[in-house]
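Remarks on the overall topology
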Amino acid sequence: MSEPLQKLPVLAWLQRFIAGKLSPGETTHMRYPTAISRTLAMRIVEIDEGRATVEIDADAGIHGNQQGTVHGGLICELADAAIGTAHSTKIVAGESFASIDLKVNFIRPVWKSVLRAVAKPVQSGNTVSHYTCEIFRDDGKLAAMAVSTIMTLRGEKAAGR
């Protein structure tokens, strides 16, 4: 006989997931780990309400561009994942969200590094929230900075998302 499903708030589920303490049957209304995170081997390493830190082992040999450095698109995805994860901790069952925009400034090149994206809110609104995300190389230097606007969706607008 299988355990009955227990739906947890996203923050509680992610905290247990990171700590390796999820019990059988514990789930949440969001899809974690996400398909793109599994594909790119991104991992959530820290979580709190409205805040998330996500890492990836970036390597120009795998994620490279024409110039031989890590592709900016990978850095954008890492920032978007961290910001989305941060925002998901602030929504409840029946709600979803959508990115309105994402702007990334590339500061330093990356060849091979564990990239650490740290997302936090600048302003949290009832419907529209603004986030910032700093992406650090494993030498501690800033590789990129991102800002994003996120819209919380409710009711019909959240259906199927």
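Just above sits the structure.
We now turn to the structure provided with this report. (Residues numbered from 1 in each chain as written. Predicted model: local features only at pLDDT ≥ 70, side-chain atom pairs only at ≥ 80, totals over all residues. Heavy atoms only, no water.)

**A look at the overall build of the protein chain**
What the protein chain contains, in helices and strands, is 4 helices and 8 strands. Taken from the N to the C terminus, the helices and strands of the protein chain come in the order β-α-β-α-β-β-α-α-β-β-β-β. Across its three principal axes, the protein chain shows a C-alpha extent of roughly 50 × 35 × 25 Å. Looking at the 161 residues of the protein chain, the share that counts as buried comes to 40%. Taking all contacts inside the protein chain whose residues are at least 6 apart in sequence as the whole, residues at least 24 apart take part in 60%. Here the protein chain has roughly 8,900 Å² of accessible surface; of this, 53% comes from carbon and sulfur atoms. Each charge class in the protein chain was averaged separately, 18 positive and 16 negative side chains, and the resulting centres sit 2 Å apart. (Helix = DSSP H or I, 4+ residues; strand = E, 2+ residues; numbered from the N terminus. Buried < 20%, exposed > 50% of the residue type's maximum accessible area, 1.4 Å probe, protein only. Contact = heavy atoms within 4.5 Å. Areas by Shrake-Rupley, 256 points an atom, 1.4 Å probe, with all protein chains shown as cover. Lys, Arg positive; Asp, Glu negative; His and termini not counted. Charge placed at Lys NZ, Arg CZ, Asp CG, Glu CD.)

**Let's talk about helix α4 (residues 72-88)**
Counted at 1.5 Å a residue, the expected span for α4 with its 17 residues is 24 Å, and the 24 Å between its end C-alpha atoms agrees. For α4, the buried fraction is high: 13 of the 17 residues fall into the buried class. (Expected span 1.5 Å × (residues − 1).)

**With respect to the side chain of Thr85**
Mapping Thr85 onto the fold places it in helix α4. Among residues more than four places away in sequence, those in contact with Thr85 are Leu14, Tyr32, Ile44, Ile47 and Ala52.

**A look at the pairing of strand β6 (residues 112-123)**
As judged from the 8 bridges shared by strand β4 (residues 51-59) and β6, these two strands associate in the antiparallel manner. Within β6, the position partnered with Val54 by the bridge is Ala117. In this sheet, strand β7 (residues 128-136) lies alongside β6 in antiparallel orientation, the contact comprising 7 bridges. Note on β7: the bridge partner recorded for Pro121 is Tyr131. From the end of β6 to the start of β7, which pair antiparallel, there are 4 residues. (Pairing = 2+ DSSP bridges.)

**Some remarks on the pairing of β4**
Most of β4 sits out of view: 7 of its 9 residues are buried. By the bridge criterion, 5 bridges tie strand β3 (residues 43-48) to β4 in an arrangement that is antiparallel. Residue pairing in the sheet places Arg43 in a bridge with Glu55 of β4.

**Looking at helix α1 (residues 10-19)**
Residues Val10, Leu11, Trp13 and Leu14 constitute the buried set of α1. End-on, the buried residues of α1 take up no more than an arc of 160 degrees, which puts them together on one face. Each element contacted by the buried residues of α1 is listed here: β1 (6-8), β2 (26-28), β3 and α4. Directly beyond the C-terminal end of α1, a positive phi value near 70 degrees is found at Gly20. (Arc of directions from axis to C-beta.)

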